[in-house]
Amino acid sequence: MLWPPVLVVRFGDPFRANCSVQRAGFSLLGWEVSLAAPEPTMDRYLVWSVDRMSKWNIRATCYALSEHGGQCDISLPLLVYKPPQVVSISVSSHSGILFEGQRYTLQCSVQDVAPVGNLTVTFYRGQRSLGRLQSNNTESKPVTEVFSLEISPRKEDNGVQYWCEARLELGAEGPHPPLVVKSQNYTATVLFGPQLTCPTKLRVREGERLGCEVIGNPEPSVTWFRDGQAVVLPARPGREHAGKYTVLATGALEQQNFTVEVEILTGRGAANSQNGQFLLVVLLQVIIGL
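The structure presented is a predicted model; accordingly, all values stated were derived computationally and were not measured.

Taken together, three strands build an open sheet; the order of strands is 4-6-7 and the sheet is antiparallel. Only two strands of the sheet have a single neighbouring strand rather than two, namely strand 4 (26-32) and strand 7 (71-76). Taking the axes of each pair of neighbouring strands and ignoring which way they run, one obtains an average angle of 15° across the sheet. With six bridges connecting them, strand 6 (residues 60-66) and strand 7 associate as antiparallel partners. Bridge pairing in strand 7 links leucine 65 to glutamine 71.

Here's what the structure looks like:
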């Protein structure tokens, strides 16, 4: 009989394991091990005690010699582990700025861990899990392994923090809770746009500000044209400012233009409901996008 039935020990730590027989009839009890093997005994139990685990590949077998001849052997399942030294996250072959819609590879590097086959790596976007990966490597000694996950950032990902964690799962006999090491945060800078939102017919009351919604990173520049000439929008437009305009939005990635017909309404009546309906649709799109 072995106790513990399974031995999980951290490299460099001390440990003890006991082998015993529950009945008479055995003349000798011993351990076959390559590290600090105890002397065989005629007692009914024998403790294997080690001050410092210094081997990665080690087999341990307890044997008992019968008084009637023959030998009984029982092996002790033994797992030697080492937590990750460093866990870090990066974007493969990249300077740090991301472009909306393009594909990139997040890399989680786990350094000096054993056994890597018991390792699970999880990628996160903020607090949301993006995916879990495991290694197929059967090496028992410490290794460094890089885990990869593809992403395609959106404009909503600008400023989001990506990170990863490495979890060493060592079973019921291992540490509880399992050993977890987290990476640093990678803050995404996502360039996008410009995105121009404007109704084809813009109705405003006299004195109201003219304008269309333009977003992007970096912030786009916006130029209004009338009759082919760049114009400065008036702070308080009047009826003379009605007509067709072209809106040009220029960002770091591209340009967008849009033709809009401006109608100036006089009197105290509200502007045409088309503007309100359009803005409501835009607001709903923004809310759904969040």
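So that's the structure; there's more coming.
Here we come to the sheet that holds strand 20 (residues 213-217). Spatial strand order, 10-18-20: three strands in an open sheet with mixed pairing. In this open sheet, the two edge strands, each paired with only one partner strand, are strand 10 (97-99) and strand 20. The sheet shows a mean angle of 30° between the axes of neighbouring strands, taken without regard to direction. As paired strands, strand 18 (residues 189-197) and strand 20 are joined by four bridges and run antiparallel to one another. Across the sheet, residue threonine 197 finds its bridge partner in strand 20, namely glutamate 213.

Calculation rules
Residues numbered from 1 in each chain as written. Predicted model: local features only at pLDDT ≥ 70, side-chain atom pairs only at ≥ 80, totals over all residues. Heavy atoms only, no water. Pairing = 2+ DSSP bridges. Helix = DSSP H or I, 4+ residues; strand = E, 2+ residues; numbered from the N terminus. Axes fitted to C-alpha atoms, helices over the stretch in contact; angles between N-to-C directions.

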